[in-house]
Amino acid sequence: MAWQWLIKLGWQHTVLKKGVYMDDHECKDVKKYHQEVFLPAMAVFESHMAHYEGPELHWVEPNLATGEVKMITVWHDKSCFHANDYKTHA
């Protein structure tokens with residue numbers, strides 16, 4: 001049965017507890033990481049992304065060298081903590 005394999009793989013039936021997760025995005029180590037690692041990496045990635053430009057918001061495709069690929073970002077806001085609403089078990 002499938003549930004027996006899940007148990008062998010370490011799955012446990014648990015009761016979900018409700019609460020709001022706080023990610024501590026204002027901590028010093030997180031700020032340092034953003035400034036020294038994340039933002040410089042994003043600056044490099046931006047050259048591979050399309051963007052909007054000017055007051056008319058014209059779509060501008062990236063200038064890519066041969067062999068480079070266009071990057072498409074997917075963003076989400078911090079409202080994803082509602083993912084398990086109305087569920088009591090997992």
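Residues numbered from 1 in each chain as written. Predicted model: local features only at pLDDT ≥ 70, side-chain atom pairs only at ≥ 80, totals over all residues. Heavy atoms only, no water.

**A look at the overall build of the protein**
Stage number 1. Counting its regular elements, the protein contains two helices and two strands.
Stage number 2. The linear arrangement of helices and strands in the protein, starting from the amino end, is α-α-β-β.
Stage number 3. Residues counted as buried form 6% of the 90 residues belonging to the protein.
Stage number 4. Across the protein, every contact between residues at least 6 apart in sequence was considered, and the portion connecting residues at least 24 apart equals 44%.
Stage number 5. For the protein, the exposed surface amounts to about 8700 Å²; the carbon and sulfur share of it is 62%. (Helix = DSSP H or I, 4+ residues; strand = E, 2+ residues; numbered from the N terminus. Buried < 20%, exposed > 50% of the residue type's maximum accessible area, 1.4 Å probe, protein only. Contact = heavy atoms within 4.5 Å. Areas by Shrake-Rupley, 256 points an atom, 1.4 Å probe, with all protein chains shown as cover.)

**Quick look at the pattern of salt bridges**
Stage number 1. Under the counting rule described, the total for this entry stands at one salt bridge.
Stage number 2. Here Glu61 and Lys70 are joined by a salt bridge, their closest N and O atoms 3.0 Å apart.
Stage number 3. What makes Glu61 partly exposed here is its relative accessible area of 42%. (Salt bridge = Lys/Arg side-chain N within 4 Å of Asp/Glu carboxyl O.)

**Points about unusual backbone geometry**
Stage number 1. At Leu57, a position not held by glycine, the phi torsion is positive, near 55°.
Stage number 2. Inspection of the secondary structure assignment puts Leu57 in the loop between strand S1 (51-53) and strand S2 (58-60).

**Digging into the environment of Val60**
Stage number 1. By the element assignment, Val60 lies in strand S2.
Stage number 2. Taking the C-alpha atoms as reference points, Val60 and Ala50, separated by 10 residues in sequence, lie 5.6 Å from one another.
Stage number 3. Contacts of Val60, omitting those with residues within four sequence positions, involve Ala50, His51 and Glu53.

**Comments concerning the environment of Pro62**
Stage number 1. Of note, Pro62 is situated in the segment after S2.
Stage number 2. On the accessibility criterion, Pro62 (14% relative accessible area) is buried.

**Notes on a nonpolar patch on the surface**
Stage number 1. Among the surface-exposed residues, Met1, Trp3, Leu6, Ile7 and Trp11 lie close enough to one another that they form a single nonpolar patch of about 560 Å² accessible area.
Stage number 2. Residue Met1 is classed as exposed on the basis of its relative accessible area, which comes to 67%. (Patch = residues over 30% accessible without salt bridge, like charges linked within 9 Å, V, L, I, M, F, W, Y side chains within 5 Å.)

**Some remarks on the side chain of His48**
Stage number 1. By the element assignment, His48 lies in the loop between helix H2 (28-46) and S1.
Stage number 2. When neighbours within four sequence positions are excluded, His48 is seen to be in contact with Pro62, Leu64, Glu68, Val69, Lys70 and Met71.

**A short note on the confidence of the model for the protein**
Stage number 1. A residue-level look at the protein finds 73% of positions with pLDDT of 70 or above and a mean pLDDT of 81.
Stage number 2. Taken element by element, the protein is modelled with least confidence in helix H1 (residues 2-8), mean pLDDT 80, and with most confidence in S2, mean pLDDT 94. (pLDDT = per-residue confidence, 0-100.)

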